[in-house]
Every structure is written in C-alpha cells, then in structure tokens.
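# Architecture and fold: a report
Single-letter residue listing:
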Amino acid sequence: MIGSVGHADWVDRLPNRVKELGGISDKYVQTAFDEIISNGRVSLSTGESLFLKADLIDVMLLGHAIKQSRYNDEVYFNSNLHVNITNICVLACRFCAFRRGPRAADAYALSVDEYLDRIRPYSSRIDEVHSVGGLHPEWDVSYYAKLISSAKQKFPHLSMKCLTAVEIKHLSEIGDIKISDVLSTLIDAGLTSLPGGGAEILDDDVRKIICNGKESSEEYLEIHRTAHLLGLPTNSTMLFGTIETAMQRINHLEKIRKLQDDTGGFQCFVPYPFLPDRTRLPQAQHSTGNETLRTISISRIMLDNVPHIKAYRMNIGDYLSALALNAGADDVDGTVGHEEIMHEAGSQTSVEDDLDRLSILIENAGGIPVRRSTTYDQFVIHRRRPPSDDDRWVSLPVADMV
Ligand code: SF4
C-alpha cells in the first residue's frame, strides 16, 4: 500500500465509535455495519439500499464512524496549486464547461515558460502542482515531459500530480506508443502521481451519453492499473448526478474496490456532483446536498480498501465540505490558488490560498488540520496563530455558499 492508511485495526475500533456517535437505528445502515464487522466489506445490494432507502443521518454517522476509526479527528490537506495547461480539446464531453475548440477566442495553450510563470508566484508556499487540461490535437508526450521536467528543475521541492487517464490515452494514441511507455516517460521527467479525473461513471452506457469518445471504463481502470504496477500512485473520482442510477454508482465503487484489491495503488477517492453551468446535459438529474453527502458517506462505507476520501471543495463548496468532514471524508482540497474546470461549470468556492483559512474550516468542523505531502507520507499538524475565543467562529464569504 502507498502512503498512510491510518489505524489498520479500524474495523475493531468501529463499534465503539458508532456507540460514541449515538448508535445506528436505520435497519439498512445496521446491515452495512454488520457486514463490515463480519466480512470487512459491504455487499453491492446493501450499498444500493444505502442510496435508495436508508436514513441520511445514519448513513453519515456510519461514514463518520469509519473515518474516526481510521484517523481519529485528523483531516488532511496539502498546499497546492492548480495549473490547467490548455483548454483546447479534441473531445466535447456534454458535462464539460471547460473545453474550447482551437479557434475559440478564449482558447489557450501554455508554453513551458508560461507554465513556469504560473507556478513561480506560489512556488515558495506550495508542495504540489496539480495539472490537467484538454486533449490538445498536437502536443505529444515529449511536450508534457518537458513541462514536468522544467518545473522540477526550477522548483525541485514540488510534487507534480498531472494528467488524467484520458490524457494518458490521448498521448498514447497521438504518439502511437504504449500506455506504459507514456507513463514511464512522464515518471522519468518527474511525475509524482496521477489525479483521478475522468472516471465520471464507470459504465459504458452512461459514458456514451455524457462523454462519448472518452476512454472506456475498462481503459480507465487499465491505465490506473498500469500506473500502479509502475509504482505511480493515483487517485480516483466519481462524477455523479448526471444520468446514472444508484446501482451504476455502486458498480463504479465496486470496480475501484476490485482494482484496489489487486494493486493497492489508489490513495484517495474523490466523489463530486455534476455542476451544470454552460454544459450540454439537460437530462441531468443534478444532486442535492442530501445526495452529495450521502454519496460521500457511501464511498467511505464501500471503499474499505481505499485509504482516503476527499471532500472536493472546488466543486461542493466550503460549507458542504465541512459537513462532509463529519460524513466520512478525511481529506479536503488544498489551497488550490487557481481553478478553472469547476468554476467554469458554476463553482463559487474561494481559491484564496490561505492555510489559516483552511485550518479554520477544518477546526470548525471538529477536525485537527494536518498538512500532508502528495503521497501521504509526510505530515505536519498545521498550527495557525494561537486560536482565541474571538477568532474561533469565522464567517466565510457569502460567495462560498452553494
Ligand atoms: S472533460 Fe476533458 S476530455 Fe472531456 S471535453 Fe472536457 S477537457 Fe475534453
């Protein structure tokens, strides 16, 4: 297993945590709890009933009890910067508000110097650059290797978490080289890990409608498997609230769980809802706050072998993230600094890169803020200026309410 997994005996610790949180009264949540205690794993049919029939508060309670059994009050984050490399994309996924055609007035593609210029102002206070973008029709793997190696040369302390599975597939096709060779070239250039984007829902019928032309479910899993076998840790995501059913979400979680049984290479799972602004998916069902929190909790409950569950602030906002930290999430987006993909689709989350502000959010949710490295192998408790009664309850800007 890569990185920190918290208390290995979390199943043994779970009954006491559930009791401390008030106990379970919902029968479907009780079944999930019983399955964990007897097999360490929740069945797919029980998972589906957590979506369709179970009481939200009890689902959140079990998610939080598992989180507490693994990590106590600790909540992880890192100091990072998002740099989107290009918004030009040869595909046109219907849920995507970010992509542009090459001739669009606001299309852009960063040169190596422009990429470094975007990092430079933040470089002394961040640990990680998170870079993803569109599928550029001309750039091949050598361009990305140049971006990564140039960033590593200028800023050697930075971890480079770059490129989603579909970008890796695109580089493989454009250069007519194997996926493993694309990944090896990028690892040699200094790539630290892959973000998990592009999983959407791992069901090819759904994918055909929401992101036709993207990698298939099997290809997504194979690319992550190949990365894991090369020693490259990855994250995984789930975009919910488009057209999928509860069972399709559960099957998605099961596919991640199975691959993780084989490789142990997923560090973190990031479930987030579809944001509709400037997208082309009128049939989307959308996600309420109830559904978002429920999905985060069920992700924690189902993914017994994935160490971390992230509350993706850039998508769900700071207030829902704070609730998610009491519903199974143990990790929250870092400082971010700049973000386009979610903001183009309607997110209003602040990208102000202020560690103290993030710590206040975590502390107000009852957590202990722990700054972590990209690969969850270095940690430090973030101590902001001594808290006082006056600054304990800080109001976040109204713009953050989603
Ligand atoms: S989601 Fe990614 S692959 Fe799909 S259109 Fe947007 S940028 Fe392109």
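Our structure is the block above this text.
These lines cover the structure that appears in this document, whether it is placed above or below. Keep in mind that this is a model prediction, so the values were computed, not measured.

Counting its secondary structure elements, the chain contains 15 helices and ten strands. By the compact-globule yardstick of 21 Å for 402 residues, the chain fits well, its C-alpha radius of gyration being 20 Å. Looking at the 402 residues of the chain, the share that counts as buried comes to 50%. Contacts in the chain between residues at least 24 apart in sequence constitute 78% of all its contacts with a sequence separation of at least 6.

As a further point, take the site of the ligand. Close to the ligand lie Cys 89, Leu 91, Ala 92, Cys 93, Cys 96, Phe 98, Arg 99, Gly 134, Leu 135, Val 166, Cys 211 and Lys 214. Residues belonging to the shell around the ligand are distributed by class as follows: nine nonpolar, one polar and two charged.

Between its terminal C-alpha atoms helix α12 (residues 289-302) stretches 20 Å, which fits the 20 Å expected from 14 residues at 1.5 Å a residue. Most of α12 is tucked away: eleven of the 14 residues are buried. Those residues of α12 that sit buried are Thr 292, Leu 293, Arg 294, Thr 295, Ile 296, Ser 297, Ile 298, Ser 299, Arg 300, Ile 301 and Met 302.

Turning next to the nonpolar core. Counting 106 residues, the largest nonpolar core has Val 29, Ala 32, Leu 62, Ile 148, Ala 324 and Leu 325 as its most contacted members. The element that contributes the greatest number of residues to this core is helix α4 (residues 56-71), accounting for six residues. Ignoring any residue separated from it by four or fewer positions in sequence, one finds Leu 325 in contact with Val 75, Ala 311, Val 332, Ile 362, Ala 365 and Gly 367.

One open sheet accounts for three strands, arranged β2-β3-β4; its pairing is parallel. Of all the strands in the sheet, just β2 (80-82) and β4 (159-162) have a single pairing partner and so form its edges. Strand-to-strand twist in this sheet, taken as the mean axis angle between neighbours without regard to direction, amounts to 20 degrees. Where strand β3 (residues 128-131) lies against β4, four bridges are found, and the strand directions are parallel. Paired with Glu 128 across the two strands is Ser 159, which belongs to β4.

Phi is positive for His 286, which is not a glycine, with a value near 65 degrees. Not every positive phi belongs to a glycine, and Tyr 376 is a case in point at roughly 50 degrees. If you trace the backbone, Tyr 376 turns up in the loop between β9 (368-372) and β10 (379-381). Residue Tyr 376 is classed as buried on the basis of its 20 C-beta neighbours within 10 Å.

Take the environment of Leu 61 next. Residue placement: Leu 61 occurs in helix α4. For Leu 61 and His 130, which are 69 residues apart along the polypeptide, the C-alpha to C-alpha distance reads 32 Å. Every residue in contact with Leu 61, bar those within four places of it in the chain, is listed here: Leu 21, Gly 22 and Ile 24.

In this section: helix α6 (residues 141-154). Along its 14 residues, α6 runs 20 Å from first to last C-alpha, staying within 8% of the 20 Å computed at 1.5 Å per residue. All of the buried residues in α6 are Val 141, Tyr 144, Leu 147, Ile 148 and Ala 151. Across the axial projection of α6, the buried residues extend over an arc of 125 degrees, all falling on one side. Along α6, the residues that are exposed and aim more than 90 degrees away from the buried face are Ser 142, Gln 153 and Lys 154. Lining the buried residues of α6 we find α5 (112-119), β3, β4, α7 (165-175) and α8 (179-189).

The next point concerns the environment of Pro 307. Position of Pro 307 relative to the elements: it lies in the loop between α12 and β7 (308-311). Separated by 42 residues in the primary sequence, Pro 307 and Gly 265 place their C-alpha atoms 10.0 Å from one another.

Let us look at the packing of helix α2 (residues 27-39) against helix α3 (residues 44-52). Packing of α2 against α3 brings their axes to within 9 Å, and their N-to-C directions diverge by 150 degrees. Of the possible angle classes, the one that applies to α2 and α3 is roughly antiparallel. Regarding α2 and α3, the two cross each other, and that crossing is left-handed. Of the residues in α3, those touching α2 at Tyr 28, Val 29, Thr 31, Ala 32 and Glu 35 are Thr 46, Ser 49 and Leu 50. Along the lines of polarity and charge, the residues of the contact of α2 with α3 split into four nonpolar, three polar and one charged.

Parameters and conventions
- Residues numbered from 1 in each chain as written.
- Predicted model: local features only at pLDDT ≥ 70, side-chain atom pairs only at ≥ 80, totals over all residues.
- Helix = DSSP H or I, 4+ residues; strand = E, 2+ residues; numbered from the N terminus.
- Rg over C-alpha atoms; globule rule 2.2 N^0.38 Å.
- Buried ≥ 20, exposed ≤ 12 C-beta atoms within 10 Å, placed from the backbone.
- Contact = placed C-beta atoms within 7 Å.
- Near = placed C-beta within 6 Å.
- Nonpolar A, V, L, I, M, F, W, Y, C, P; charged D, E, K, R; others polar.
- Expected span 1.5 Å × (residues − 1).
- Core = buried A, V, L, I, M, F, W, Y, C linked by C-beta atoms within 7 Å.
- Pairing = 2+ DSSP bridges.
- Axes fitted to C-alpha atoms, helices over the stretch in contact; angles between N-to-C directions.
- Arc of directions from axis to C-beta.
- Parallel < 35°, antiparallel > 145°, perpendicular 65-115°, else oblique.
- Left-handed = near helix turned anticlockwise from the far one by under 90°.

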